[in-house]
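Given next are the chains, with one letter for each unit.
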Amino acid sequence: QTIITNETVDIYYGEVFERSLLHFYQALNHFSLYQRGSLLLPKGKEMMIKKLSQQQKRTHLLSARAEVVSWDSFLDSQQESRRGKSIFKNDLLSKTFGAFIHEALNTPSENQIALQLYKDAKKILFRNYNSYKTYNLFSKKFKFDFKKLPRLGKKKVEKNYVNSTPFSEQLTKYLNFKILELTKKVRPLDMKNMIRVHQISKETVDKVASTPPSNVAFVIQRGIIPPKIAFKQHYSLERALTPDNPTLEQRKWAKVGSFIIMAYAANELGLFPPANRYDPLGAEIGVRLADYSTSGLAISFELPKIQNKKIGEEISLEIYDKNKVLAYKGPLSIVAPLGDIAEEAVAEYSAALYPKLGARLAMKHMAAIFASYLTYKSLKESKNYNYFAKLAAVAQYMVVAKTIENSEKADTRYWSTLPSNIRIGNAYLKKGKYAAKIIFTKKINGQVQKRISPLGLFTVDDDKKKKILNYRVH
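Residues numbered from 1 in each chain as written. Predicted model: local features only at pLDDT ≥ 70, side-chain atom pairs only at ≥ 80, totals over all residues. Heavy atoms only, no water.

Colleague: In this structure, what is going on with the pattern of salt bridges? I would like to understand it.
Modeller: Where side chains of opposite charge bring their charged atoms close, a pairing between them can arise. Tallied over the full model, the rule gives 15 salt bridges. Between Lys148 and Asp145 there is a salt bridge, and its shortest N-O distance comes to 3.7 Å. For Lys148, a relative accessible area of 34% corresponds to the partly exposed category. Of the charged contacts in the structure, one is a salt bridge between Lys202 and Asp206, with a shortest N-O distance of 2.8 Å. (Salt bridge = Lys/Arg side-chain N within 4 Å of Asp/Glu carboxyl O. Buried < 20%, exposed > 50% of the residue type's maximum accessible area, 1.4 Å probe, protein only.)

Pasting the structure below:
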């Protein structure tokens, strides 16, 4: 159906990154049920709380782990089909959040898996996420030369293609901390080697040495994902008249064909004014006519794009105990810059759709112009209707052109309630009651502005068990 009509007639299945997030929410839900230990169920017109048994709680923990494994399998299939392209095929969130779920099971094998996931996350940050402006000031250059980067070696790529942002440095520091923390737990004899290989700072080494393993993860879902909007593109008639990889002869005849149709539309129908003049009618019906000596007829249409904004705020977390004494203070690292990811994903989709949609529209417009030509020719040959020939032909074309325009709106569907970015932070907290707040810091005209958002109270019931606290903030 989409070949002859419009992309919006199909079901919206979600972009790859959107479908990847389904696994995140599923795993998060299962873990929340595990740690809460109860379900809210309907009972008549009211709701009742049903406590879960230890076995049921354990089942939800294992379900969270199973979802993380399924998530990893989904991404493996994407990597295979999208190999060699600078597009979304690896998910930092799956590694960082998934690693914490594995840590929660707290067995030697699960901790080994978690350690590997944090190492993988560091590789993905460098190899894939440097294509996002949130992490790399040279992201455009990195993305443009992506295919040749593996041949250059890491040092050359770092020197010529990477200019890390504070967000990248912050996340690297967080991953180094988790790598060293788990190494200390499962392979303590490898500590020195891990510090050397990952170039872990003395500050991080001292922090790992002086604090127990982190037991509370803070997941902060920030804001709303940027909107998907429509923007204008043009597709030449000459291109529509040529096949893929046309010969020189085919190009020549396409140019002639485009010129003939354009000349008829401009000179006989009067659809367009002379070159270099404003064209209200052509603009209105979605057709642009260039100078005969340069390019030909171009059909305009809409494609979707993301109206993305740069992340400008630093966010840190402060936790106070019941005596209002500071128990923890630290940054919240961005592990899912969804605005950047969505922008790239939709740009990829639009680039793939452009030739298909452009060719389809061009052929529709050519058919409409040819039909109007037949009407014009028929009426022109009749003495009774000679006067109305041009008027009828123009009216006929405009009706069809408007119908084409209305049937070819850009597909701007998206999952509009997703956050703009997701951040993660880990802390060690003793058993007790706490209050948390987020501090937003932003520079405006050289001045630092701060805003505080309280997260409320929470309890750590067992400092030997992993706990996840999930918040949605604006």
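There is more to say, and it comes next.
Colleague: Which parts of the structure should I look at to understand the nonpolar core?
Modeller: Considering soluble globular proteins, one finds that nonpolar side chains tend to be buried as a cluster. Grouped together as the largest cluster of nonpolar side chains are 62 residues, with contacts concentrated most on Phe17, Phe24, Leu93, Phe97, Tyr129, Ile422 and Ile468. Ile261, Leu361, Tyr376 and Ile404 belong to the second-largest nonpolar core, a separate cluster that totals 23 residues. (Core = buried A, V, L, I, M, F, W, Y, C linked by side-chain atoms within 4.5 Å.)

Colleague: Sorry if this is basic, but what is going on with the packing of helix 14 (residues 338-380) against helix 15 (residues 389-407) here?
Modeller: Think of two packed helices as two axes; the pair is described by the angle between the axes and how far apart they sit. In the contact formed by helix 14 and helix 15, the axes pass within 8 Å of each other and the chain directions differ by 160 degrees. The angle between helix 14 and helix 15 falls in the class roughly antiparallel. Considering the relative orientation of helix 14 and helix 15, their crossing is right-handed. On helix 15, the residues touching Leu361, Lys364, His365, Ala368, Ile369, Ala371, Ser372, Thr375, Tyr376, Leu379 and Lys380 of helix 14 are Ala389, Lys390, Ala392, Ala393, Gln396, Tyr397, Val400, Ala401, Ile404 and Ser407. The residue inventory of the contact of helix 14 with helix 15, partitioned by class, reads 13 nonpolar, 5 polar and 3 charged. (Axes fitted to C-alpha atoms, helices over the stretch in contact; angles between N-to-C directions. Helix = DSSP H or I, 4+ residues; strand = E, 2+ residues; numbered from the N terminus. Parallel < 35°, antiparallel > 145°, perpendicular 65-115°, else oblique. Left-handed = near helix turned anticlockwise from the far one by under 90°. Contact = heavy atoms within 4.5 Å. Nonpolar A, V, L, I, M, F, W, Y, C, P; charged D, E, K, R; others polar.)

Colleague: Any chance you could explain the environment of Ile369 here in plain terms?
Modeller: Structurally, the position occupied by Ile369 is in helix 14. In this structure Ile369 comes out as buried when scored by relative accessible area, which is 4%. For Ile369 and Val394, which are 25 residues apart along the polypeptide, the C-alpha to C-alpha distance reads 9.1 Å.

Colleague: Sorry if this is basic, but what is going on with the side chain of Glu313 here?
Modeller: Tracing the sequence through the fold places Glu313 in the loop between strand 6 (297-306) and strand 7 (314-321). A distance of 2.2 Å separates a polar atom in the side chain of Glu313 from a polar atom in the side chain of Arg222. Discounting chain neighbours no more than four positions away, the residues touching Glu313 are Phe167, Arg222, Arg423, Phe440, Thr441, Lys442 and Arg451. (Polar contact = N/O pair within 3.5 Å; in protein donor to acceptor, adjacent residues only side chain to side chain.)

Colleague: Honestly, helix 2 (residues 54-81) in this entry has me stumped. Any pointers?
Modeller: Along an α-helix, a turn takes 3.6 residues, which lines up residues three or four apart on a common side. If you check helix 2, its first and last C-alpha atoms are 41 Å apart, about what 28 residues at 1.5 Å a residue would give, namely 40 Å. Where helix 2 is concerned, the buried positions are Lys57, His60, Leu61, Ala64, Glu67, Val68, Trp71, Phe74, Leu75 and Gln78. If you follow the buried residues of helix 2, they end up packed against helix 1 (16-36) and helix 3 (92-105). (Expected span 1.5 Å × (residues − 1).)

Colleague: Where do I start with unusual backbone geometry in this structure?
Modeller: Note on backbone geometry: most residues besides glycine have negative phi, and most peptide bonds are trans. One non-glycine residue with positive phi stands out, namely Gln199, at about 50 degrees. Along the polypeptide, Gln199 turns up in the loop between helix 9 (191-197) and helix 10 (202-210). At Lys324, a residue that is not glycine, the phi angle is positive and equals roughly 65 degrees. Within the secondary structure layout, Lys324 lies in the loop between strand 7 and strand 8 (326-331). In this structure Lys324 comes out as exposed when scored by relative accessible area, which is 72%.

Colleague: What exactly am I supposed to notice about the environment of Thr459 here?
Modeller: Note on placement: Thr459 falls in strand 12 (residues 447-460). Looking at Thr459, the relative accessible area reads 30%, which means it is partly exposed. The spacing of Thr459 and Ala435 is 24 residues in sequence and 8.7 Å in space, taken between C-alpha atoms.

Colleague: Sorry, what's going on with the sheet that holds strand 9 (residues 333-336) here?
Modeller: Taken in spatial order, the 4 strands line up as 9-10-3-13 in an open sheet, and their pairing is mixed. Either end of the sheet is taken by a strand with one partner, and the two such strands are strand 9 and strand 13 (467-473). Sheet twist, expressed as the average angle between the axes of neighbouring strands with direction ignored, equals 30 degrees. Pairing analysis gives 3 bridges linking strand 9 to strand 10 (residues 421-427), with the strands arranged antiparallel. (Pairing = 2+ DSSP bridges.)

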